[in-house]
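Chain residues, written in single-letter form:
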Amino acid sequence: MLVEVVTKRRELDLIQMEKLRSITLRKAVQEWWLRYGSKLRDSSRIEGSIRVMFGEQRKTIRKDRAYERRRQWQWDGKLLLHDLSDRHLKACVNARLSEGIAAATIIAELSILRRTERFHRGAYATPGHLNWPTSRTDKRLIPNKKSRFLRQEEIIALFEQLDPNRKICRWPDAEYRTGALKQDLQDAFDLAIFLLHTGCRPSEALQMPWDDIDLETRTIEVRRLKSLTPLWTGLVMSDVLHEMLSRRFTEARDQYVFPDRINGGPRRQCRAIKRAMDRAGLNEPWKVERYGGEATTYTLRDTYASLLAQSGRHTLHEIRDLLGHTNVMTTQKYARLLPQSAAKAAAKTLDQLDFCTVDSV
């Protein structure tokens, strides 16, 4: 303890004598972002995380403000980089966990600070040896590897709730629905079909123009938005998807397949799908606890991958290419769904043995 106090005093003396350069934490993160972070593949996600870390206004403001309300604890941008200590790191972890932030998000936030500290070593005064929290040192930071996907009966229940013509018991007929409401319900129904039959991310589907869809050859060119360099994935339409897109093309009112009448904020179609999932009972408390999370619009992408894996007709590398992952390790979470040929062979071997035969009573 005494050594740390003496070291701090020496650093302060050097700063006053202008022999040691100091920098604030916010400026240090910004310099790292401009020189290095902006060139990474996930640069857009990192930029958003930095704004949230320091409580700055985001480029797109959500209507419900739910995400901003969750982040109560913020980093002090005026904190000097060499004053960063283990106490600040522990306070960040405890605050984020109490706010209900996922472990993977907390680790990503600490990674930004860790890479910033390493980037400025030598040029500025940086803290000594920090005990960076990891999943090994803090079991609370173990990422949740469960992937939420829908079973066949859940898919049927979801589309029953998304049916634009479904009847509500308190209304004798569907005449109370306005034209705009009918269009919104139809858009949500079609978007769910599109996500389930292509495995696209919701952001990729909502920003897809008609120029990327060829109804004659039944192909779709998907631009992967999470990739730093333009990455395109070619997909082939199923019969259900081709019928739906053909109908929407004849009624096209915009350059995009799923136009949005709301400027900024989450898309109305995604909110409608989420509400339909809640009505279908997909987010009951016991299901959320068992499967490790709520069913969201992104769950349809996981469902697409799980259906391919369970069919046994596609390898993990093929599923990776269809999902647009740059690394097969990202697709590894679906490996447990692949049919186990060794387990089937073992069951056949045991069936051939007669020493375990049970006589019926």
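### A look at the pairing of strand E3 (residues 232-236)
Burial along E3 is one-sided: Thr233 and Leu235 are buried, while Trp232, Gly234 and Val236, pointing the other way, are not. Bridge count for strand E2 (residues 219-223) against E3 is five bridges, and the pairing is antiparallel. For Arg223, the partnering residue across the bridge sits in E3 and is Trp232.

### Some remarks on unusual backbone geometry
Positive phi values are uncommon outside glycine, yet Arg218 reaches one of about 60 degrees. Relative to the assigned elements, Arg218 resides in the loop between strand E1 (213-214) and E2. By relative accessible area, Arg218 is classed as partly exposed at 26%.

### A word on the nonpolar core
In this structure, Leu162, Phe194, Ile220 and Leu245 are the most contacted members of the largest nonpolar core, which totals 36 residues. Listed by contribution, the elements that provide at least two residues to this core are helix H7 (152-162), helix H8 (179-198), helix H9 (202-206), E2, helix H10 (239-250) and helix H11 (268-279). Discounting residues that sit within four places of it in the chain, Phe194 has contacts with Gly199, Cys200, Ala205, Met208, Ile220, Leu241, Met244, Leu245 and Phe258. Within the second largest apolar cluster, 27 residues are counted, among which are Trp33, Leu40, Phe54 and Leu79.

### Here's the deal with the packing of aromatic side chains
Summed over the entire model, instances satisfying the criterion amount to five aromatic pairs. Summarising the aromatic geometry, the rings of Trp32 and Tyr36 are spaced 6.1 Å apart at their centres and angled 45 degrees between planes, so their arrangement reads as tilted. Note on Trp32: relative accessible area 1%, which makes it buried. A ring pair is formed by Trp73 and Trp75, whose centres lie 5.0 Å apart and whose planes are at 75 degrees; its orientation type is edge-to-face. For Trp73, a relative accessible area of 25% translates into the label partly exposed.

### Thoughts on the sheet that holds E1
Pairing is antiparallel in the open sheet, where three strands are placed in the order E1-E2-E3. The open sheet has two edge strands with one neighbour each: E1 and E3.

### Points about the pairing of E2
Residues Ile220 and Val222 point to one face of E2 and are all buried, whereas Thr219, Glu221 and Arg223, pointing to the other face, are not buried. Bridge analysis of E1 against E2 gives two bridges, and the strand direction is antiparallel. Considered in E2, the bridge of Asp214 is made with Thr219. Between the end of E1 and the start of E2, which pair antiparallel, lie four residues, with Arg218 showing a positive phi angle near 60 degrees.

### Some words on the packing of helix H13 (residues 299-311) against helix H14 (residues 316-323)
Their axes nearest at 10 Å, the elements H13 and H14 cross at an angle of 155 degrees. Taken as axis vectors, H13 and H14 run roughly antiparallel relative to one another. In this structure, H13 meets H14 at a crossing whose hand is right-handed. Seen from H13, the contacting residues are Arg301, Tyr304, Ala305, Leu308 and Ala309; seen from H14, they are Ile319, Leu322 and Leu323.

### Overview of the confidence of the model for the chain
Across the chain, pLDDT averages 80, with 79% of residues at or above 70. The lowest-confidence element of the chain is helix H4 (residues 66-70), averaging 48 in pLDDT; the highest-confidence one is H10, averaging 94.

### Comments concerning the packing of H7 against H11
The N-to-C vectors of H7 and H11 enclose an angle of 120 degrees; their axes lie 8 Å apart at closest approach. Here H7 lies oblique to H11, going by the angle between them. Read as a crossing pair, H7 and H11 show a hand that is right-handed. The segment H7 lies against H11, with Leu158, Gln161 and Leu162 engaging Ala272, Ile273, Ala276, Met277 and Arg279. Class assignment for the residues of the contact of H7 with H11 results in six nonpolar, one polar and one charged.

### Digging into the pattern of salt bridges
Here the structure, examined in full by the defined rule, presents 19 salt bridges. With a closest N to O distance of 3.1 Å, Arg121 and Glu117 form a salt bridge. Using a relative accessible area of 2% as the deciding quantity, one classes Glu117 as buried. Shared partners join several salt bridges into a network, and the residues in it are Asp187, Asp190, Arg247 and Arg248.

Rules used in this analysis
- Residues numbered from 1 in each chain as written.
- Predicted model: local features only at pLDDT ≥ 70, side-chain atom pairs only at ≥ 80, totals over all residues.
- Heavy atoms only, no water.
- Buried < 20%, exposed > 50% of the residue type's maximum accessible area, 1.4 Å probe, protein only.
- Helix = DSSP H or I, 4+ residues; strand = E, 2+ residues; numbered from the N terminus.
- Pairing = 2+ DSSP bridges.
- Core = buried A, V, L, I, M, F, W, Y, C linked by side-chain atoms within 4.5 Å.
- Contact = heavy atoms within 4.5 Å.
- Phe/Tyr/Trp six-rings, centres within 6.5 Å; stacked < 30°, edge-to-face > 60°.
- Axes fitted to C-alpha atoms, helices over the stretch in contact; angles between N-to-C directions.
- Parallel < 35°, antiparallel > 145°, perpendicular 65-115°, else oblique.
- Left-handed = near helix turned anticlockwise from the far one by under 90°.
- pLDDT = per-residue confidence, 0-100.
- Nonpolar A, V, L, I, M, F, W, Y, C, P; charged D, E, K, R; others polar.
- Salt bridge = Lys/Arg side-chain N within 4 Å of Asp/Glu carboxyl O.

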